[in-house]
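Examination of the molecular architecture
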Amino acid sequence: MQTIYYTRTAGSNEELWSSDAYGARRVRAINTNNTGLANLTTVGNKLYFSASSNTTGYELWTSNGTEAGTQLVKDIYQGANSSNPYSLTSLNGMLYFAATDGTTGVEIWKSDGTASGTTLVKDIYSGALGSSPGSFIKSGNNIYFSAIDGTSGYELWKSDGTSSGTVRIRDIYPGANDSSPANLYSANGNVYFTANNGADGFEVYKTDGTASGTLMLADINPGSGSSFASSFTNVNETVYFSAYNPTSGYELWKTNGTTSGTMLVKDINQGANGSSPYGLVNLNGSLLFVAYNTINGGELWKSDGTSSGTAILKDIRLGTSGSNISNLTVIGNKAYFNATDGFGDQVWVSDGTNSGTRLLYNINPSAAFAGNSKFFQANGEIYFTGFDGFYYNLYSTDGTTEGTKIVTAGINPLNVAVTSGTGLNATQITDYNQDQISDITWINQSGEVDIWYMDGTNIRGGGPVFNAAPGFQVVGHSDVNGDGKSDIVLRNSNTGEIDLWQMDGKTIIGGGYVSNPGTDWKVATLTDTDGNGTSDLILRNSVSGEIDVWRIDEKGKIAPGSGYVGIPGPDWDVVGNGDFNYDAHGDLVLRNRNTGEINLWFLNGNNVLGSSGYVANPGISWTVSTTGDLNGDGATDLVLRNTGTGELNAWLMNARTIVSGSGYIANPGTAWTAEQSGDFNSDGKADLVLHNTQTNEVNLWYMDGATLTGGGFVSQLDGVWKLS
């Protein structure tokens, strides 16, 4: 389950509040000496922030959502002095930030949430002056940032969390001069940024983390002038951005990471004035952004990367005034943003079409301009902040005006953060009753399907659902229709027919026959390939190895856009799914049954992204048992089982990289399998369902990364029942 954190002011106290599937509540009031809380940042399911109290200055705090668990992490600059933590950034379950202890100056620090685990990473600029690191971003297993070391000026650095692994990448402006790296953005295994080498002004650079791999891509504003590139955004492995030259002004550019592939997309507002593109986002494989021309003013545009394919999407406010668009945010397959048609501060939503770009809610009808909302998703619902003319409020919406309501009034709109959770929605865990706790599904030899509603290791409800017709087996359970509750997919092994049962708890509310692709096709897994909040069916042809995706519409039928994904070959099996690269799109885990090699396919709908590929080869005796976010960092991890010994290992993943903390879990013996995962104790981390194939006993293992933290016996059924 995800938790939303935000703050409210009460007198001289700043109150930390939370909201989740069970409602809104105050966590703790903190005496902040009228300075307030700031920098709310989540690492997995833990909140960090900076605050001051009666006895300390501005220091690092943490919260687990309880009053007792909301506390000072460490008084870094002891006493009433302030360490002033800033640039709080999550990497591999750790928090990285900049702070001063009064001796070393402002340097890079890291924390695991404990005082003893909060340490200086490196004193880059020895002495009290400090390196003043800034512009932190995560890329791979490193934090990239700018810093000064007293020899060179402000240059590009990276850190893997160790002192020896914290290094300057390249002295771009040699000597004591500053190249001043800014606008850092991670994409396609590289970091894009702007810098000044002293000769060409501020231009577009990229780095692979090495000195030789750090280079200027193009001198967009020739000579010593600067292009001031900004708003870097990755769409299908092409990076788009706004940049300036004297001929076209600020316009839309793109790069494939090469000099020859860095070019102007279109001179939207022809001439030297420029269209000043901003708010660039990736919506369903197309670029959405705001741009200005003399006919429409600043409005919503869309681009496929070509000049002819770059056009205005919607003229929200007719005339030349523009609609004052801000805060374009993609959630699922829609973009949410602030705009005005001349009649208030409004929330709009777009599916990337003109007709699908519409007014959702008017926050403040009397406002002359659009506001500054923050949009996000938690537990399957859309939330946003807004000012109604009297208060800043937290709202939730089901996508309709009537279904938009205030969750909490009078909040601080700058202080909002959301934990990653594994119970984001029922596309990620099996959850039939929408309580954000995983459930378990069984089928017996006569075709009866039963559901267990779980609360930890306790079965707290459920029971028989229906009797499947002869030949049908349960081949998947996930939220296919977007109601926040898991549905059941069945396949007839004799005919190949695929059926879908839309569920509300243990009640069938719709569905039925979907299609019959033939007996060579099997449902390999279910995952949300297009990021729209509903699961798709992944089918594999057992003869050719071809993989297809079926998107399912609200009627339970195959929707447009379904079809071919790729052919890895007949030796490759789909053995799992998840979101491994943090893009909110389901990815596939593939294993070669002859060699043991494991690959990842990163998906955007039907497209396999170029960053997909090899992970590792643990050997033919190791199989992928299940997948799930074991450490709560938002990326799916792999659980491997040795078929010869029964040993279980965890591979904690960041895209295709196996990160620190991976390794041995335990060895329950060869009779036990870890067939499924889910969040059974609401800690935001995937747990394992252990099944004894000889006795039919089921246990739960509560996980924290590769560490078994608890759980135990659930139940034992007779041999006619099969875990599905």
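Residues numbered from 1 in each chain as written. Predicted model: local features only at pLDDT ≥ 70, side-chain atom pairs only at ≥ 80, totals over all residues. Heavy atoms only, no water.

Here's the deal with the domain arrangement of the chain
Operational definition: The source of the domain bounds is an automatic or database domain assignment. Should any heavy atoms of two residues lie within 4.5 Å, those residues are counted as being in contact. Two parts placed together each lose some accessible area under a 1.4 Å probe, and adding up what both lose gives the buried area. Each polar contact in these results corresponds to two N or O atoms within 3.5 Å; when the atoms are within protein, one needs to be able to donate a hydrogen and the other to accept it, and residues that are neighboring in sequence are counted only if both atoms are side-chain atoms. Side-chain classes are defined by residue name, with Ala, Val, Leu, Ile, Met, Phe, Trp, Tyr, Cys and Pro counting as nonpolar, Asp, Glu, Lys and Arg as charged, and the others, Gly among them, as polar.
Segmentation of the chain into domains returns domain 1 (4–418) and domain 2 (440–723). Each of domain 1 and domain 2 has a C-alpha centre, and the two are 33 Å apart. On the side of domain 2, 16 residues touch domain 1, which itself brings 14 residues to the contact. Interface area for domain 1 against domain 2, summed over the two sides, is near 1,100 Å², with a carbon-plus-sulfur share of 37%. Connecting domain 1 to domain 2 are four residue pairs in polar contact (both at pLDDT 80 or more). Grouping the constituent residues of the side of domain 1 that touches domain 2 by class yields one nonpolar, eleven polar and two charged.

What about the packing of aromatic side chains?
Aromatic rings considered in pairs are described by the distance between their centres and by the relative angle of their planes. Formally: Two rings from Phe, Tyr or Trp (for Trp, the six-membered ring) form a pair when their centres are within 6.5 Å of each other. A pair whose planes differ by under 30 degrees is stacked, one over 60 is edge-to-face, and the rest are tilted. The helix count covers DSSP runs of H or I at least four residues long, the strand count covers runs of E at least two residues long, and both are numbered beginning at the N terminus. Only protein chains enter the accessibility calculation, which uses a 1.4 Å probe; a residue whose area is less than 20% of its type maximum is buried, one above 50% is exposed, and one in between is partly exposed. Either the NZ atom of lysine or the CZ atom of arginine qualifies as a charge over a ring when it sits within 6 Å of the ring centre and within 35 degrees of the ring normal.
Throughout the structure, instances matching the rule amount to 16 aromatic pairs. Considering the side-chain rings of Phe202 and Phe228, the 6.0 Å spacing of their centres and the 20 degrees angle between planes classify their relative orientation as stacked. Taken together, the positions of Phe202 in strand E18 (residues 202–207) and Phe228 in the loop between strand E19 (215–218) and strand E20 (230–235) put the pair 26 residues apart, joining distant regions of the chain. Residue classification places Phe202 among the partly exposed positions, given a relative accessible area of 22%. For Arg8, the ring lying beneath its charged end belongs to Trp17, and the centroid distance is 4.6 Å.

Things to note about the sheet that holds E18
Where we set the bar: DSSP-based pairing: two strands are paired if at least 2 bridges between them are found. Axis geometry follows a simple rule: fit a line to the C-alpha atoms, using only the stretch in contact for helices, then measure angles between N-to-C directions, giving values from 0 to 180 degrees.
Read from one edge to the other, the open sheet built from four strands follows the order E16-E17-E18-E19, with strand pairing classed as antiparallel. With one partner strand each, in any of the chains shown, strand E16 (182–187) and E19 form the two edges of the open sheet. Looking at each pair of strands side by side, their axes are set apart by 35 degrees on average, direction ignored. Sheet topology note: the strand E17 (residues 190–196)/E18 ladder contains six bridges and is antiparallel. Looking at E18, one finds that Val191 is bridged to Thr207.

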